[in-house]
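# Observations on chain architecture
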Amino acid sequence: MSYKFHQFQVVGRALPTESDEHPKIYRMKLWATNEVRAKSKFWYYLRKLKKVKKSNGQMLAINEIFEKNPTTIKNYGIWLRYQSRTGYHNMYKEYRDTTLNGSIEQMYTEMASRHRVRHHCIQVIKTATIPAKLCKRESTKQFHNSKIKFPLVFKKVRPPTRKLKTTYKASRPNLFV
Amino acid sequence: MPFKRYVEVGRVALVNYGKDYGKLVVIVDVIDQNRALVDAPDMVRGQINFKRLTLTDIKIDIKRVPNKKTLIAALEAGDVKNKWENSSWGRKLIVQKKRASLNDFDRFKIMLAKIKKAGVVRQELAKLKKEAA
């Protein structure tokens, strides 16, 4: 499963000057499609928090963070701040997924579809793995059932590879599962 | 008209699209409305969309997300392999695979066997016609 958004840990600080020999080192965890964008996002956020720019700062380390248990399902809560057409808003969203990167990608696509917010207008404030008891949204809580059982109501008939796709078929498909 | 095959923990499904096409997998957990966590003895446990699965009639008795050892033991206990290979769906797939992997000599042998079978059938039919006449 390849994800568009990767999680990076970026560490940087301002350049040492005569007045400040050992400037404070700051570390951020953020999501970006690649390392270059991650570094750029790091300076963007740091500029908003401290008086430092990329031109008078240095990058100390950038590492990609991988999911520890990609084979278990977790409930992720994501706190975000986004810009709508009329102003900034905070939001809390919940997703069920196997990896954090997968849930972040779900979040970006959902914000784009439900609120028409493009990804550069979204800032992720915080993410957390939520235990099942503390989930707030009904749409995630409905899957917290160890004896879950439901039928697949509609069967999409499609050829097993795109090569076998044809415009015309000899018979009508059977859509019952 | 009611549904007989349900998405549930332990349901055996056939993958009908993608990298794992043709594999029998077991649904070990449901992620959300569109995805399930599936596992098979020869693959790493992973997520798959329901659109890529076709449910079968076979169901094994497991708890949510068992470890690999328990899963393989449950598959043995449920006798999934034999049930699948003896079911009409499973047999059809085996025949399809066999036909696709024939070489020219095999096809020649099949041609001879078909001619022979047709000859025997025609003989019996001629006998029955003679008796009826």
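Summary of the structure given here. (Residues numbered from 1 in each chain as written. Chains lettered and ligands numbered in written order. Predicted model: local features only at pLDDT ≥ 70, side-chain atom pairs only at ≥ 80, totals over all residues. Heavy atoms only, no water.)

## Focus: the overall build of chain A
The condition that has to hold: Secondary structure elements follow DSSP: runs of H or I of four or more residues count as helices, runs of E of two or more count as strands, with numbering from the N terminus. For the radius of gyration, the atom set is restricted to C-alpha positions; the globular benchmark scales as 2.2 Å times the number of residues to the power 0.38. Relative accessible area decides the class of each residue, using a 1.4 Å probe on protein chains only: under 20% of the type maximum gives buried, over 50% gives exposed, and in between gives partly exposed. Working rule for contacts: check all heavy atoms of both residues, and any pair within 4.5 Å makes them a contact.
For chain A, the count of helices and strands is three helices and seven strands. Listed N to C, the secondary structure of chain A is β-β-α-β-β-β-α-β-α-β in terms of helices and strands. Here the C-alpha radius of gyration of chain A, 22 Å, is well above what a compact globule of 177 residues would show, namely 16 Å. Oriented by its inertia axes, the alpha-carbon framework of chain A measures out at about 80 × 45 × 40 Å. Evaluated residue by residue, chain A yields a buried proportion of 34% over its 177 residues. Partitioning the intrachain contacts of chain A with sequence separation of at least 6 by distance along the chain shows that 58% fall at a separation of at least 24.

## So, the overall build of chain B
Helices and strands together make up the secondary structure of chain B, namely four helices and six strands. What you see in chain B, going N to C, is helices and strands ordered as β-β-β-β-β-β-α-α-α-α. The C-alpha atoms of chain B give a radius of gyration of 21 Å, which is well past the 14 Å a tight globule of 133 residues would have. Projected onto its principal axes, the C-alpha positions of chain B cover 65 × 40 × 30 Å. By the burial criterion, 35% of the 133 residues in chain B qualify as buried. Pairs at least 24 residues apart make up 47% of the contacts formed inside chain B by residues separated by at least 6 positions.

## With respect to a nonpolar patch on the surface
As a reminder, the rule being used: Patches here: salt-bridge-free residues with over 30% relative accessible area, like charges joined within 9 Å, nonpolar side chains (Val, Leu, Ile, Met, Phe, Trp, Tyr) joined within 5 Å. Residue exposure ignores everything except the shown protein chains as possible cover, and the areas themselves are Shrake-Rupley values with a 1.4 Å probe. In the sections that follow, a salt bridge refers to a side-chain nitrogen of Lys or Arg positioned within 4 Å of a carboxyl oxygen of Asp or Glu.
A surface patch of nonpolar side chains, about 510 Å² in accessible area, is lined by Phe-105, Phe-108, Met-111, Leu-112 and Ile-115 of chain B. On the secondary structure map, Phe-108 of chain B appears in helix H4 (residues 104–132).

## Here's the deal with the pairing of strand S5 (residues 88–97) of chain A
Residues and elements named next belong to chain A. Under the convention used in this document: Any two strands with at least two DSSP bridges between them are considered paired.
Burial runs high along S5: seven of the ten residues are buried. Sheet topology note: the strand S4 (residues 74–83)/S5 ladder contains ten bridges and is antiparallel. In the strand pairing of S5, Lys-74 is matched with Asp-97. Hairpin connection from S4 to S5: four residues lie between these consecutive antiparallel strands, with Gly-87 at a positive phi of about 160 degrees.

## Let's talk about the pattern of salt bridges
Considering all chains together, one arrives at 15 salt bridges over all chains under this definition. In this structure, the salt-bridge partner of Lys-93 of chain A is Glu-110 of chain A, at a minimum N-O distance of 3.2 Å. Within this pair, whereas Lys-93 of chain A is found in strand S5, its partner Glu-110 of chain A is found in helix H2 (residues 100–115), the two being separated by 17 residues in sequence. One exposure class covers both Lys-93 of chain A and Glu-110 of chain A, and it is buried. Of the charged contacts, one joins Asp-20 of chain B and Lys-23 of chain B as a salt bridge, the two residues approaching to 3.4 Å between their closest N and O atoms. Salt bridges here are not isolated pairs; linked through shared partners, they connect Lys-93, Glu-110 and Arg-114 of chain A.

## A word on the interface of chain A and chain B
Here is the rule: The term buried area means the drop in 1.4 Å probe accessible area that two parts suffer when joined, counted for both and summed. Polar contacts, as counted here, are pairs of nitrogen or oxygen atoms within 3.5 Å of one another; within protein the pair requires one atom able to donate a hydrogen and one able to accept it, and residues that are adjacent in sequence qualify only if both atoms are side-chain atoms. In this classification, Asp, Glu, Lys and Arg are treated as charged, Ala, Val, Leu, Ile, Met, Phe, Trp, Tyr, Cys and Pro as nonpolar, and every other residue, Gly included, as polar.
Every contact between the two is made by 23 residues of chain A and, on the other side, 27 residues of chain B. Note on chain A versus chain B: buried area summed over both sides is about 2400 Å², and carbon and sulfur give 65% of it. The salt bridge partner of Asp-97 of chain A is Arg-35 of chain B, with a shortest N-O separation of 3.4 Å. Our count for the chain A to chain B interface comes out at seven residue pairs in polar contact (both at pLDDT 80 or more). For the side of chain A that touches chain B, the secondary structure elements donating two or more residues are S5 and strand S7 (149–151) of chain A. Per-element accounting of the side of chain A that touches chain B gives the leading share, three residues, to S7 of chain A. Here the residues of the side of chain A that touches chain B sort into twelve nonpolar, six polar and five charged.

## Details of the packing of aromatic side chains
In plain terms, the rule: Under the pairing criterion, centres of Phe, Tyr and Trp rings, with the six-membered ring standing for Trp, must be within 6.5 Å; the plane angle then separates stacked pairs below 30 degrees from edge-to-face pairs above 60, leaving the rest tilted. By definition, being over a ring means that NZ of Lys or CZ of Arg is both within 6 Å of the ring centre and within 35 degrees of the ring normal.
What the rule picks out here adds up to seven aromatic pairs over all chains. Centre to centre, the rings of Trp-79 of chain A and Tyr-92 of chain A are 4.8 Å apart; their planes meet at 45 degrees, and the pair counts as tilted. Linking Trp-79 of chain A in strand S4 with Tyr-92 of chain A in strand S5, this pair joins segments that are 13 residues apart in sequence. Under the relative-accessibility criterion, Trp-79 of chain A is labelled partly exposed at 29%. You can call Tyr-92 of chain A buried: its relative accessible area is 12%. In this structure, Arg-158 of chain A is placed above the aromatic ring of Tyr-17 of chain B, and the distance from its NZ or CZ to the ring centre is 4.0 Å.

## A word on the sheet that holds S4 of chain A
Residue and element names in this part refer to chain A. Condition: Every axis in this analysis is a line fitted to C-alpha atoms, fitted for helices over the stretch in contact. Angles between the N-to-C directions lie between 0 and 180 degrees.
Reading across from one edge, S5-S4-S6 is the order of the three strands in this open sheet, with antiparallel pairing throughout. Both edges of this open sheet fall to S5 and strand S6 (122–130), since each of them pairs with a single strand only. The sheet shows a mean angle of 20 degrees between the axes of neighbouring strands, taken without regard to direction. The sheet contact formed by S4 and S6 spans eight bridges and is antiparallel. Within S6, the residue paired with Leu-80 across the bridge is Val-124.

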